[in-house]
Each structure stands twice: as structure tokens, then as C-alpha cells.
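Fold and contact review
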Amino acid sequence: MARVALVTGGSRGIGAAISVALKEAGYQVAANYAGNDQAANEFSKQTGIPVFKFSVAEFDACKEGVAKVEAELGPIDVLVNNAGITRDTSFSKMTPEQWREVMATNLDSLFFMSKCVFDGMKKRGFGRIITIGSVNGQKGQFGQTNYAAAKAGAAGFTKSLAQEGARSNITVNVVAPGYIGTDMVKAVPQEVLNAKVLPQIPVGRLGEPEEIGRCVVFLASDDAGFITGSTLTANGGQYMT
Ligand code: NDP
């Protein structure tokens, strides 16, 4: 039987590429999204991957959403925590709401979603929890105290849960992308990309969402069973850890 994978924020950008890569690798994939019905329905029509609308920032919504996915596809073997948002602004201008929104979607969600699947994985003796971090959580970034804190938090969460899952054949890892050409990065003005971002990337280009999809497929596979608590960086050499 094909393993079941749930990708949060799996209908657009990097998440969509991850969903498709997992499907092509033979998984039964469910893609979650928050509110963009048009993009999600279009994605589902094109790929045949079912979509599930709920907010990863709310625990009750996660519980209901995961229950629906499991009722339709079966127990979740692979959870990809990909959903994420930015609310960039300098620290002096940052509001408590901008801090909380980013923490809720990018960090609280890791607890909520993993909580919904971890015990089942333990019982079945197999699991993969893969979280999409960010180069900016590794090196820090002006205007992103909220986002960088959440993404750095993902690494600590991952190293701790990896220790708790290890004996049950559950691996927990982070993939930390650099700048990838998605809507999130297209929101950065082109002159800022040209002047400030691209010169920092030794390979001289943005990454492709599919390149992150392949990292996730590897970490989800049986071949990666000895890799846990780690961060796989995919950033074109922008920041070497
Ligand atoms: P996009 O903005 O292109 O897509 C975000 C996805 O997340 C959408 O599917 C969106 O759903 C979903 N989402 C947002 N909030 C929620 C929520 N509360 N509940 C459920 N789903 C939600 O993002 P990217 O593809 O660019 O980013 C994906 C991940 O990669 C993020 O974690 C991001 O931080 C990380 N990352 C991105 C980089 C980049 O260069 N793009 C670099 C490093 C890391 P909907 O369509 O309904 O809005």
C-alpha cells in the first residue's frame, strides 16, 4: 500500500512542488491550504491531488483536518510542515499582531500538526516529519525578527522531537531553503532582488521549488532512515552551515 503524505500549504509554491514530487515518488498525497480556493482547486484539477482547507495556526482546525485526511486516505505516514507566511518589517515598526501571526502559522503549527500524527506514527512504527525552515532562520535577516525566530524555533523543535521518535522509526528533519522563485519571493521588489539578494547567492540564481521537492522526497524515503534531527540546507551556497 502506498504511504500517505500530508503537505501543509501544499497547493502553491514550494508546497505544490513537494506535493507533486511525493505523488510522482508513489505516495498518496493530501495537500492542505488556508484560504485561496481558486489556486487550490486549480492545483487539484491539474494534479489529481486532493486538497483540504484548514488553518494550521489553530489546533482544533488541525485536528479536524487531519481526521478528514485520514478518513479519506488512511493514516498519515509523512507530514510535511510547509505552510508559512511572512509579515516583514523592522523591529521598531513590528506590531504584536505581526509577531503572533507569524509565530502561529510558522511555529505553533509544528506542534499542532505533529501532535495530531505523532502517536499514530509511534503505534505503527514508522513516520517522517519534515519541516520547511529557511536560510533566514539560520543567519537572521533585517526585517524578519518574527520569521527568523519561528524558523530557528523549527530547528530546536525538530532536534527534540527527533530524540522522542527515534526508537519508533520516526525521523524528524528540516529542509532549509534559500531564496526560491515563488509568490513569497516575487513579493520582494525586482530591484531589491537584483541588488541585494542575487549577489549573495554563489550559484547566481534563485532556487526552483522542484529542487526543494526532491530534498523532501529523499528525507521521506527509507534510504534516509539514519538521518534524523538534521537540517538539510538548499540555498545555492548563500549560507554554509
Ligand atoms: P507561498 O506563499 O507561495 O504558499 C504558501 C502556502 O501556505 C499556500 O498554500 C497557503 O495557502 C499556505 N498557508 C499559509 N498560511 C496557512 C495556514 N494558516 N494554514 C494552512 N496553510 C497556510 O509560500 P512559499 O511556497 O514561498 O513558502 C513555503 C514554505 O517555504 C514556507 O514555510 C516558507 O517560509 C518557506 N520558505 C520559502 C522560501 C522562498 O524563497 N519562497 C525560502 C525559504 C523558506 P493559500 O494558498 O490558501 O494561501
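Just above sits the structure.
Not measured: the values here are computed from a predicted model. (Residues numbered from 1 in each chain as written. Predicted model: local features only at pLDDT ≥ 70, side-chain atom pairs only at ≥ 80, totals over all residues. Heavy atoms only, no water.)

**Some points on the environment of alanine 155**
Locating alanine 155 in the fold gives a position in helix α6 (residues 145–165). On the accessibility criterion, alanine 155 (22% relative accessible area) is partly exposed. Taking C-alpha positions, alanine 155 is 26 Å from alanine 187, a pair spaced 32 residues apart along the chain. (Helix = DSSP H or I, 4+ residues; strand = E, 2+ residues; numbered from the N terminus. Buried < 20%, exposed > 50% of the residue type's maximum accessible area, 1.4 Å probe, protein only.)

**What about the site of the ligand?**
Around the ligand, the surrounding shell holds 31 residues, and the nearest of these are Gly35, Asn82, Tyr147, Ile180 and Thr182. The side chain of serine 11 places a nitrogen or oxygen atom 3.3 Å from an oxygen atom of the ligand. At 2.5 Å, a side-chain N or O of tyrosine 147 approaches an oxygen atom of the ligand. For the shell around the ligand, the secondary structure elements donating two or more residues are α1 (13–24), β2 (28–33), α6 and α7 (183–186). In terms of residue count, the dominant contributor to the shell around the ligand is α7 (3 residues). In terms of residue class, the shell around the ligand is made up of 14 nonpolar, 14 polar and 3 charged. (Near = heavy atom within 4 Å. Polar contact = N/O pair within 3.5 Å; in protein donor to acceptor, adjacent residues only side chain to side chain. Nonpolar A, V, L, I, M, F, W, Y, C, P; charged D, E, K, R; others polar.)

**Quick notes on α1**
Here α1 contains 12 residues, and its C-alpha end-to-end distance of 17 Å stays within 8% of the 16 Å for a straight helix at 1.5 Å per residue. A positive phi of about 105 degrees marks glycine 26, the residue just after α1. (Expected span 1.5 Å × (residues − 1).)

**Notes on the sheet that holds strand β4 (residues 78–81)**
Read across the sheet, 7 strands follow the order β3-β2-β1-β4-β5-β6-β7 without closing on themselves; strand pairing throughout is parallel. Each having just a single partner strand, β3 (51–53) and β7 (231–234) make up the two edges of the open sheet. For this sheet, the mean angle separating the axes of adjacent strands, direction not counted, is 20 degrees. Inspection of the sheet shows strand β6 (residues 170–177) paired to β7 by 4 bridges, in the parallel sense. Among the inter-strand pairings, valine 175 is bridged to a residue of β7, identified as leucine 232. Relative to strand β1 (residues 4–7), α1 is tilted by about 170 degrees, and along the sheet it contacts β1, β2, β4, β5 (127–132) and β6. (Pairing = 2+ DSSP bridges. Axes fitted to C-alpha atoms, helices over the stretch in contact; angles between N-to-C directions. Contact = heavy atoms within 4.5 Å.)

**What to know about the nonpolar core**
Side chains of a nonpolar character, in soluble globular proteins, are inclined to be buried together. Counting residues in hydrophobic clusters, the biggest one holds 24 residues, and the most contacted among them are Leu6, Met113 and Ile129. For this core, the elements supplying multiple residues, two or more each, are β1, α3 (59–73), α4 (96–124), α6 and β6. Discounting residues that sit within four places of it in the chain, methionine 113 has contacts with Leu6, Thr8, Phe54, Val56, Cys62, Val66, Leu79 and Asn81. Grouped together as the second largest cluster of nonpolar side chains are 23 residues, Ala16, Cys215, Val216 and Ala224 included. (Core = buried A, V, L, I, M, F, W, Y, C linked by side-chain atoms within 4.5 Å.)

**Some words on the packing of aromatic side chains**
A full pass over the atoms with the stated rule returns 3 aromatic pairs. Between the aromatic rings of phenylalanine 59 and phenylalanine 111, the centroid separation amounts to 6.4 Å while the plane-to-plane angle is 35 degrees, which identifies the pairing as tilted. Remark: phenylalanine 111 occurs in helix α4 and phenylalanine 59 occurs in helix α3; sequence separation between them is 52 residues. Taking 5.4 Å as the distance between ring centres and 35 degrees as the angle between the ring planes, the aromatic pair formed by phenylalanine 59 and phenylalanine 112 counts as tilted. Placement of phenylalanine 59 in helix α3 and of phenylalanine 112 in helix α4 is noted, with a sequence separation of 53 residues between them. With relative accessibility at 27%, the residue phenylalanine 59 sits in the partly exposed group. Residue phenylalanine 112 is classed as buried on the basis of its relative accessible area, which comes to 15%. (Phe/Tyr/Trp six-rings, centres within 6.5 Å; stacked < 30°, edge-to-face > 60°.)

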